[in-house]
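Read off the chains here:
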Amino acid sequence: RKCACVREREREREEEGAMASEFRLFVGNLAWATTDTSLKEAFAGAVGEENVTDAKVIMDRYTGRSRGFGFVSLATQEAAQKAVEMMNGANVDGREVRVDHASSRER
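Every chain's residues receive numbers from 1 upward, in the order its sequence appears when written. Totals for whole chains, interfaces and linings use every residue, but because this is a predicted model, local features are given only for residues with pLDDT of at least 70 and side-chain atom pairs only at 80 or more, for both listing and counting. Side-chain measures here rest on the full set of heavy atoms in the structure, leaving out hydrogens and waters.

**Student:** Explanation requested: the overall build of the protein chain in the structure shown.
**Tutor:** Secondary structure elements are defined from DSSP: runs of H or I of at least 4 residues count as helices, runs of E of at least 2 residues count as strands, and each element is numbered from the N terminus. Secondary structure summary: the protein chain contains 3 helices and 6 strands in total. Reading the protein chain from its N end, one meets helices and strands in the order α-β-α-β-β-α-β-β-β. Looking at the protein chain residue by residue over its 107 residues, the buried ones come to 37%. A sequence separation of at least 24 residues applies to 60% of the contacts in the protein chain between residues at least 6 apart. Surface summary for the protein chain: the accessible area is close to 6,900 Å², and the carbon and sulfur share equals 46%. Summary of the burial criterion: residues with accessible area below 20% of their type's maximum are buried, those above 50% are exposed, and those between are partly exposed, where the area comes from a 1.4 Å probe applied to protein chains only. The contact criterion used throughout is that any non-hydrogen atoms of two residues lie within 4.5 Å. Residue-level accessible areas treat just the shown protein chains as cover; the underlying method is Shrake-Rupley with a 1.4 Å probe.

**Student:** Can you help me understand unusual backbone geometry in this one?
**Tutor:** What you tend to see is this: most non-glycine residues have negative phi, and most peptide bonds are trans. Unusually for a residue other than glycine, N29 sits at a positive phi of about 65°. Relative to the helices and strands, N29 resides in the loop between β1 (24–28) and α2 (36–47). Judged by relative accessible area, N29 falls into the partly exposed class, the value being 35%. At D93, a position not held by glycine, the phi torsion is positive, near 55°. Note that D93 resides in the loop between β4 (91–92) and β5 (95–96).

**Student:** How should I be thinking about the nonpolar core in this particular structure?
**Tutor:** Side chains of nonpolar character tend, in soluble globular proteins, to be buried together. If you look at the biggest cluster of nonpolar residues, it comprises 22 residues, and the most contacted ones within it are L25, V27, L39, F43, V72, L74 and V99. Going through the elements one at a time, β1, α2, β2 (52–59), β3 (66–74) and α3 (77–87) are the ones with two or more residues in this core. Filtering out sequence-adjacent residues up to four positions away, L25 remains in contact with F43, G70, F71, V72, L74, A80, A83, V84, V99, D100, H101 and A102. For our purposes a nonpolar core is just a set of buried Ala, Val, Leu, Ile, Met, Phe, Trp, Tyr and Cys residues, chained together by side-chain atoms within 4.5 Å.

**Student:** Looking at this model, I keep getting lost on the environment of S66. Mind explaining?
**Tutor:** You can see S66 is positioned in strand β3. For S66, a relative accessible area of 5% translates into the label buried. Expressed as a C-alpha distance, the spacing of S66 and W32, which sit 34 residues apart in the sequence, is 5.3 Å. Look past the residues within four positions of S66 in its chain and what remains in contact with it is A31, W32, V57, I58 and M59. Think of a polar contact as two N or O atoms within 3.5 Å of one another; within protein, one of them needs to be a possible hydrogen donor and the other a possible acceptor, and neighboring residues in sequence only count if both atoms come from side chains. Within the structure, the side chain of S66 is placed 2.9 Å from the backbone nitrogen of G68, a separation counted as a polar contact.

No statement about biological role is implied by the geometric values presented.
This is the structure we're talking about:
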């Protein structure tokens, strides 16, 4: 049997794997109030809803509060580049966000 914390981490890794995309963007300096939905809506307003495939705000597993960053996956490289240009420095939920192409992390 696995403890709850191990099961939670495995679930987070599965979600991260599901979002794996060549056109994945890192979004930093998010407000604590920002949700997956509001993040997706902000990017959809910039590049079109059809181009935003997923948005995920990373939450602290112990407190349940946002860690202040997230990831957005886009359908095409062009949409990703446009999103970086339009959203880097944009106001999302009262905060000026930082947007850049996400790098894959080593495990």
